[in-house]
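Examining the three-dimensional arrangement
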Amino acid sequence: MLLNEFLMLGAVLFCIGVYGVIVRKNAVLVLMSIELILNSVNINLLAFSLRNNSVDGHTFALYVIAVAAAEVGVGLAMVLLMYRNRRSVGLDELSEMKG
Amino acid sequence: MFASDVLVAQNVGFAIIAAIMVIGALRVVTTKNVVHAALWLVVVLAGAAAQYVLLAAEFVAITQIMVYIGAVMVLFLFGTMLTRARIGAEQDLNNKNWFIGLPIAVLLLATMLIALNDGFKAEKLPVDAPVVTTQQVSDQIFGAYLLPFWALSFVLLAAAIGAIVLARRD
């Protein structure tokens, strides 16, 4: 296996995730795109870990998974709050900070 | 792109799983149904777990399945269910000026692929690397990386309390 196979897969997933973050209006779908980005990072971490014959990448991948779980929990709580206040999860309606 | 001389089976496995992952990821960002997007995300996450197994990372793969497919996806489906009662296609999931995202993503991808091609042209991964055991991972977490582990515990605690405070109805 080449190292580049995994790195390119990670790059493709990352860009698809970025596209989703930019394009989507629904807050839940934006959170899903962020999950795609975090997973591509994990693939890179583990590929470099195998290449350098070390365990550090595994540790960081586990930390990234834990942070992603926390992020989804808080993010979905915020989405629920937004839905309760506005009856909508469209991110373009949160425009009160515009002057 | 593929290493043709060694380990045909692993290369074929990688290619099949990678194709499934890319198709699933594209469906996540293009489908018109929020529940379908969540289910396609399950495909991508399971494919990522399979790639971790190919990368000799069994503990991370199992953690991926348990945390992501087990817990995070349930959270996503709950979030979908609690915010949108409707099951089915919806029209207004995308921004008005969604077409801006396409050139940005393509430019980013081209830049990254060129950089990767320059940096790691045909560098091979070690073929007979031993599988990283759970014991090695735990030695790292509770040894050299103990301080980030503590910080992470506080992050999780704060996130749990914050989620409860935010979602509580009063």
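Structure: see above.
So, here's what we can say about the structure. Predicted model only: the values in this text are computed from it and were never measured.

Criteria and thresholds
- Residues numbered from 1 in each chain as written.
- Chains lettered and ligands numbered in written order.
- Predicted model: local features only at pLDDT ≥ 70, side-chain atom pairs only at ≥ 80, totals over all residues.
- Heavy atoms only, no water.
- Helix = DSSP H or I, 4+ residues; strand = E, 2+ residues; numbered from the N terminus.
- Rg over C-alpha atoms; globule rule 2.2 N^0.38 Å.
- Buried < 20%, exposed > 50% of the residue type's maximum accessible area, 1.4 Å probe, protein only.
- Contact = heavy atoms within 4.5 Å.
- Buried area = accessible area lost by both parts, 1.4 Å probe.
- Salt bridge = Lys/Arg side-chain N within 4 Å of Asp/Glu carboxyl O.
- Polar contact = N/O pair within 3.5 Å; in protein donor to acceptor, adjacent residues only side chain to side chain.
- Expected span 1.5 Å × (residues − 1).
- Patch = residues over 30% accessible without salt bridge, like charges linked within 9 Å, V, L, I, M, F, W, Y side chains within 5 Å.
- Areas by Shrake-Rupley, 256 points an atom, 1.4 Å probe, with all protein chains shown as cover.
- Core = buried A, V, L, I, M, F, W, Y, C linked by side-chain atoms within 4.5 Å.
- Axes fitted to C-alpha atoms, helices over the stretch in contact; angles between N-to-C directions.
- Parallel < 35°, antiparallel > 145°, perpendicular 65-115°, else oblique.
- Left-handed = near helix turned anticlockwise from the far one by under 90°.
- Nonpolar A, V, L, I, M, F, W, Y, C, P; charged D, E, K, R; others polar.
- Phe/Tyr/Trp six-rings, centres within 6.5 Å; stacked < 30°, edge-to-face > 60°.

**Description of the overall build of chain B**
A count of helices and strands for chain B gives six helices and zero strands. For 170 residues, the compact-globule estimate of 2.2 N^0.38 gives 15 Å, and the C-alpha radius of gyration of chain B, at 20 Å, exceeds that figure by more than 25%. Taken over the C-alpha atoms alone, chain B extends approximately 60 × 45 × 25 Å along its principal axes. When each of the 170 residues of chain B is scored for burial, the buried share is 31%. For chain B, the share of sequence-separated contacts (at least 6 apart) that also reach a separation of at least 24 residues comes to 63%.

**Here we look at the interface of chain B and chain A**
Interface size, as often reported, equals the accessible area lost upon joining of the parts. Contacts between the two partners involve 82 residues from chain B, matched on the other side by 65 residues from chain A. Interface of chain B and chain A: buried area, both sides summed, is about 7300 Å²; carbon and sulfur atoms make up 75% of it. Run the count over chain B and chain A and you get one salt bridge. The residue Arg51 of chain A makes a salt bridge to Glu123 of chain B at a minimum N-O spacing of 2.4 Å. Counting every contact that joins chain B to chain A gives 16 residue pairs in polar contact (both at pLDDT 80 or more).

**A short note on helix α3 (residues 56-86) of chain A**
With 31 residues, α3 of chain A ought to run about 45 Å at 1.5 Å a step, and its terminal C-alpha atoms sit 44 Å apart, in line with that. Immediately downstream of α3 of chain A, the backbone of Arg87 of chain A shows phi near 60°, a positive value.

**Details of a nonpolar patch on the surface**
Together, Val8, Val12, Ile16 and Ile20 of chain B make up a nonpolar patch on the protein surface, roughly 350 Å² of accessible area in all. For Val8 of chain B, the location among the structural elements is in helix α1 (residues 8-30).

**Notes on the side chain of Ser40 of chain A**
In this fold, Ser40 of chain A is placed in helix α2 (residues 27-52). Judged by relative accessible area, which is 2%, Ser40 of chain A ranks as buried.

**Concerning the environment of Val60 of chain B**
Among the structural elements, Val60 of chain B can be located in helix α3 (residues 58-83). A relative accessible area of 0% means that Val60 of chain B is categorised as buried. Distance in space between the C-alpha atoms of Val60 of chain B and Met73 of chain B is 17 Å, their sequence separation being 13 residues. When sequence neighbours within four positions are dropped, the list of residues in contact with Val60 of chain B reads Leu46, His58, Ala61, Leu62 and Ile65 of chain A together with Tyr52 of chain B.

**Description of the nonpolar core**
Within the largest apolar cluster, 67 residues are counted, with the highest numbers of intra-cluster contacts made by Met32 of chain A together with Phe76 of chain B. Where this core is concerned, the elements lending two or more residues are α1 (3-23), α2 and α3 of chain A together with α1, α2 (34-54), α3, α4 (101-119) and α5 (134-141) of chain B.

**What about the packing of α1 of chain A against α2 of chain A?**
Residues and elements named next belong to chain A. Relative to each other, α1 and α2 sit at 165°, their axes nearing to 8 Å. Relative to α2, the element α1 is oriented roughly antiparallel. Handedness of the α1/α2 crossing: left-handed. Together, Leu3, Phe6, Leu7, Leu9, Gly10, Leu13, Phe14, Ile16, Gly17, Val18, Gly20 and Val21 of α1 and Val30, Ser33, Ile34, Leu36, Ile37, Ser40, Ile43, Asn44, Ala47, Phe48 and Arg51 of α2 make up the contact between the two elements.

**A closer look at the packing of α2 of chain B against α3 of chain B**
Residues and elements named next belong to chain B. Interhelical geometry of α2 versus α3 gives an angle of 175° and a closest axis separation of 9 Å. Put simply, α2 runs roughly antiparallel to α3. Seen from α2, the contacting residues are Val34, Val35, Ala38, Leu41, Val42, Leu45, Ala46, Ala48, Ala49, Tyr52 and Val53; seen from α3, they are Val60, Ala61, Gln64, Ile65, Tyr68, Ile69, Met73, Phe76, Leu77 and Thr80. Here the contact of α2 with α3 is composed, by residue class, of 19 nonpolar, two polar and no charged.

**A short note on the packing of aromatic side chains**
Scanning the model with the defined rule gives six aromatic pairs over all chains in all. Residues Trp98 of chain B and Phe99 of chain B carry aromatic rings whose centres are separated by 6.5 Å and whose planes lie at 70° to one another, so their mutual orientation is edge-to-face. Assessed through its relative accessible area of 52%, Phe99 of chain B is described here as exposed. Each ring, one from Phe142 of chain B and one from Phe149 of chain B, has its centre 5.0 Å from the other, and the planes form 70°; the classification is edge-to-face. Overall, the relative accessible area of 52% leaves Phe142 of chain B in the exposed class. Among the aromatic side chains, those forming a connected cluster through ring pairs are Phe60 and Tyr63 of chain A together with Tyr145 of chain B.

**Things to note about unusual backbone geometry**
For Asn53 of chain A, which is not glycine, the phi dihedral falls at a positive 55°. Mapped onto the secondary structure, Asn53 of chain A falls in the loop between α2 and α3. Here Asn53 of chain A falls in the exposed class, since its relative accessible area comes to 63%. Of note in the backbone geometry, Ala56 of chain B takes a positive phi value of approximately 60° without being a glycine. Mapped onto the elements of the fold, Ala56 of chain B is located in the loop between α2 and α3. Its relative accessible area of 11% is what places Ala56 of chain B among the buried residues.

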